[in-house]
Amino acid sequence: MNVSGIVIGFACLAIIGVFHPIVIKCEYYFSARAWPVFLVMGIAGLGLSVMIESDILSGIAGVFGVCSLWSIHELKKQEERVNKGWFPRNPKHDKP
């Protein structure tokens, strides 16, 4: 029995669940200027994915890398949501 897909699926769910509040907090404390951190993490995750021989670990690293890259997009969207008033604005940041 091969459970690789199930393990990667649950890991994907967990990684997405962890990245959601991280993006919100990063936008609040650092604004969307934090995107280079996500770019480096994404490239590192994808790089590790192609070097790891284990299918499960390679898949998890790939999911992590893609989620990191997708977080760049979500940082921009989160900034828009803050500007619309859907999320609180950090009072220490300049007003738009």
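Preceding block: the structure.
Nothing here was measured: the structure is a model prediction, and the numbers come from that model. (Residues numbered from 1 in each chain as written. Predicted model: local features only at pLDDT ≥ 70, side-chain atom pairs only at ≥ 80, totals over all residues. Heavy atoms only, no water.)

A. Region of the structure containing a nonpolar patch on the surface. Taken together, the side chains of Met-1, Val-3, Ile-6, Val-7, Phe-10 and Leu-13 present a nonpolar region at the surface, about 710 Å² in accessible area. Position of Val-3 among the secondary structure elements: in the segment before helix H1 (4-30). With relative accessibility at 38%, the residue Val-3 sits in the partly exposed group. (Patch = residues over 30% accessible without salt bridge, like charges linked within 9 Å, V, L, I, M, F, W, Y side chains within 5 Å. Areas by Shrake-Rupley, 256 points an atom, 1.4 Å probe, with all protein chains shown as cover. Salt bridge = Lys/Arg side-chain N within 4 Å of Asp/Glu carboxyl O. Helix = DSSP H or I, 4+ residues; strand = E, 2+ residues; numbered from the N terminus. Buried < 20%, exposed > 50% of the residue type's maximum accessible area, 1.4 Å probe, protein only.)

B. Main features of the side chain of Asn-90. By the element assignment, Asn-90 lies in the segment after helix H3 (55-83). By relative accessible area, Asn-90 is classed as buried at 8%. A distance of 2.8 Å separates the side chain of Asn-90 from the backbone oxygen of Tyr-28, its partner in a polar contact. Here Lys-92 takes part through its backbone nitrogen, which lies 3.0 Å from a polar atom of the side chain of Asn-90. When near neighbours in sequence (up to four residues on either side) are disregarded, Asn-90 contacts Tyr-28 and Tyr-29. (Polar contact = N/O pair within 3.5 Å; in protein donor to acceptor, adjacent residues only side chain to side chain. Contact = heavy atoms within 4.5 Å.)

C. Highlighting the packing of helix H2 (residues 35-51) against H3. With their axes 7 Å apart at the nearest point, H2 and H3 run at an angle of 160° to one another. The angle between H2 and H3 places the two elements in the roughly antiparallel class. Of the two elements, H2 crosses H3, and the hand of that crossing is left-handed. Here H2 contributes Trp-35, Phe-38, Leu-39, Met-41, Gly-42, Ile-43, Gly-45, Leu-46, Leu-48 and Ser-49 to the contact with H3, which in turn contributes Ser-58, Ala-61, Gly-62, Phe-64, Gly-65, Val-66, Ser-68, Leu-69, Ser-71, Ile-72, Leu-75 and Lys-76. When grouped by side-chain class, the residues that make up the contact of H2 with H3 number 13 nonpolar, 8 polar and 1 charged. (Axes fitted to C-alpha atoms, helices over the stretch in contact; angles between N-to-C directions. Parallel < 35°, antiparallel > 145°, perpendicular 65-115°, else oblique. Left-handed = near helix turned anticlockwise from the far one by under 90°. Nonpolar A, V, L, I, M, F, W, Y, C, P; charged D, E, K, R; others polar.)

D. Quick peek at the nonpolar core. If you look at the biggest cluster of nonpolar residues, it comprises 11 residues: Ile-15, Phe-19, Val-23, Cys-26, Ala-32, Ala-34, Phe-38, Val-63, Cys-67, Ile-72 and Leu-75. Listing elements by their share of this core, those giving two or more residues are H1 and H3. With residues up to four places along the chain from it excluded, the contact list for Ala-32 reads Leu-75, Lys-76 and Glu-79. (Core = buried A, V, L, I, M, F, W, Y, C linked by side-chain atoms within 4.5 Å.)

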